[in-house]
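# Examination of the molecular architecture
What follows is the residue order along each chain.
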Amino acid sequence: MIVDCGVYREGHRSEGSQDFSDALEQARSAGGFVWIGLHEPTAEEFDLVAREFGLHPLAVEDALKAHQRPKLEVYDDSVFVVLKPVVYEPHSDTVSSGEIMIFLGDSFAVSVRHGRGAPLDAVRERLEREPELHREGATAVLYGVADAVVDHYLEVATELQTDLEELETEVFTPDAGGSRHTASRIYGFKRQILEFRRATVPLTAPMARLAGAGGSGSRVPFVEEGARPYFRDVHDHLTRVNESVEGLDRLVSDVLSAHLAQVGVQQNDDMRKISAWAAMAVVPTMIAGIYGMNFEHMPELHWTWSYPVVIALMAALEVVLFRTFKRRGWL
């Protein structure tokens, strides 16, 4: 559905006309821009916007279907940018992502939101609170959304770092690292890191291009030249996020390796204990087996003290074996 239509000019916002052509003409005549906001629009709703602003059919298809990677596409009459805001769920320690598509053109910006985690209300408030951004025209919308999304990445990275420290404590605390649920928690955490990386890593190239740091350094159409320093700041923050995500991914892999090593050591200890007890059981079993063969001619078969001597011998051998295994740490 269409959430908002606002005309921004000279540091002030006014409600746009329900007729998007009138709103666009109003913005252009006043040297401002119009921002149309949509949330999970239907094909019929978005078709009206696409026709009024001349949006490219391929970009319109991407905006309707969602499930896109972060990217930047340049068309004849607009620029299409995809960002993936992320949300951290503290009760379940999970990361989920939404999508924001932004069409940027001559004096207009169209934003399409899917899922949760879209900071568009905060961006609108910022545009009204910081009128100097209006000098960049509709580019201010793209910058404001990208800046808010990337800043929230930093917050999510901090939350994930806290979760990782808890996992490390669980793994390296004595008698805790062998929990059967620890491996599943570590693997689940690694999945959250992967979900986070899907949002942050592909965004690097679009932000570098908007900041003028791309391979050719050529200007992106419909993006004001004066906005490059703003996008460089966003790119720097995104670089910090990606470095943090890379570090988290390496650390969680190390934690998983350490946990598996601990499990292997524990299993070896258990096997040594089982082997030691089995060895202690073999001695009396062997002696009892020999005297249970019922041969007629056997040593000490008719001696009165044969039974207590054999029992005492078994007990003595068991004590010797027990002390030997205990001294070597097998029991």
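Being a predicted model, the structure only gives us computed values, none of them experimental.

What follows covers the overall build of the protein. Helix and strand content of the protein: nine helices and nine strands. A burial count over the protein gives 41% of its 331 residues as buried. Per element, the accessible surface of the protein, about 17,600 Å² overall, is 55% carbon and sulfur.

Before going further, it helps to spend a moment on the nonpolar core. In terms of nonpolar packing, the biggest core is built from 54 residues, with Val145, Tyr153, Leu160, Phe196 and Phe231 touching the most fellow members. For this core, the element with the highest residue contribution is helix α5 (residues 139-172), accounting for 15 residues. Ranked by size, the runner-up nonpolar core spans 26 residues in total, among them Ala50, Tyr75, Val82 and Phe108.

With that settled, the discussion passes to the packing of aromatic side chains. The tally for this structure, following the rule as stated, stands at eight aromatic pairs. Taking the centre distance of 5.0 Å and the plane angle of 55° together, the rings of Tyr143 and Tyr230 count as tilted. Of the two residues, Tyr143 is situated in helix α5 and Tyr230 in helix α8 (residues 228-291); the sequence distance between them amounts to 87 residues. We classify Tyr143 as buried; its relative accessible area is 6%. Look at Tyr230 and you get partly exposed, because its relative accessible area is 23%. Aromatic side chains Tyr153 and Phe196 sit 5.8 Å apart centroid to centroid with 75° between the ring planes, which places their arrangement in the edge-to-face category.

Turning to the pairing of strand β1 (residues 2-9), a few remarks are in order. Both β1 and strand β3 (residues 33-39) contribute to a ladder of six bridges, which runs antiparallel. If you follow Ile2 over to β3, its bridge partner there is Leu38. Sheet topology note: the β1/strand β2 (residues 12-15) ladder contains four bridges and is antiparallel. Bridge pairing in β2 places Tyr8 opposite Arg13.

A word on the UniProt feature "transmembrane region" (unreviewed entry) in the protein. Per the UniProt annotation, the sites labelled "transmembrane region" (unreviewed entry) are residues 274-293 and 305-325. Each end of residues 305-325 is marked by a C-alpha atom, and these two atoms are 30 Å apart; helix forms 95% of the span and strand 0%.

Moving on, we come to helix α3 (residues 57-65). Inspection of α3 places Ala59, Val60, Asp62 and Ala63 among the buried residues, and these make up the whole buried set. Mapping the buried residues of α3 onto a view down its axis gives an arc of 160°, with all of them on the same face. Summarising the geometry of α3, the exposed residues directed more than 90 degrees from the buried face are Pro57 and Lys65. Looking at the packing, one finds that the buried side of α3 touches α2 (43-53), β4 (71-74), β5 (79-83), β8 (99-105) and β9 (108-114). Ala66 sits one or two residues past α3 and shows a positive phi near 60°.

On the surface, a nonpolar cluster with roughly 350 Å² of combined accessible area is contributed by Trp303, Trp305 and Val309. With respect to the helices, strands and loops of the structure, Trp303 is situated in the loop between α8 and α9 (306-327). Taking relative accessible area as the criterion, Trp303 reaches 43% and is therefore assigned partly exposed.

A separate point is the pattern of salt bridges. According to the stated counting rule, one finds 15 salt bridges in the structure shown. For Arg51, the salt bridge identified is with Asp47, shortest N-O distance 3.0 Å. Of this pair, Arg51 and Asp47 both sit in helix α2, four residues apart, roughly one helical turn. Given a relative accessible area of 56%, Arg51 falls into the exposed group. On the basis of relative accessibility, which here comes to 39%, the residue Asp47 falls in the partly exposed class. With a closest N to O distance of 3.8 Å, Glu225 and Arg219 form a salt bridge. Look at Glu225 and you get partly exposed, because its relative accessible area is 42%. When its relative accessible area of 45% is taken as the criterion, Arg219 is described as partly exposed. If you follow the salt bridges from partner to partner, you end up with Lys190, Arg197, Glu246 and Asp249 in one network.

Reading the values: the criteria
Residues numbered from 1 in each chain as written. Predicted model: local features only at pLDDT ≥ 70, side-chain atom pairs only at ≥ 80, totals over all residues. Heavy atoms only, no water. Helix = DSSP H or I, 4+ residues; strand = E, 2+ residues; numbered from the N terminus. Buried < 20%, exposed > 50% of the residue type's maximum accessible area, 1.4 Å probe, protein only. Areas by Shrake-Rupley, 256 points an atom, 1.4 Å probe, with all protein chains shown as cover. Core = buried A, V, L, I, M, F, W, Y, C linked by side-chain atoms within 4.5 Å. Phe/Tyr/Trp six-rings, centres within 6.5 Å; stacked < 30°, edge-to-face > 60°. Pairing = 2+ DSSP bridges. UniProt positions renumbered as here; feature names shortened; annotations may be inferred. Arc of directions from axis to C-beta. Contact = heavy atoms within 4.5 Å. Patch = residues over 30% accessible without salt bridge, like charges linked within 9 Å, V, L, I, M, F, W, Y side chains within 5 Å. Salt bridge = Lys/Arg side-chain N within 4 Å of Asp/Glu carboxyl O.

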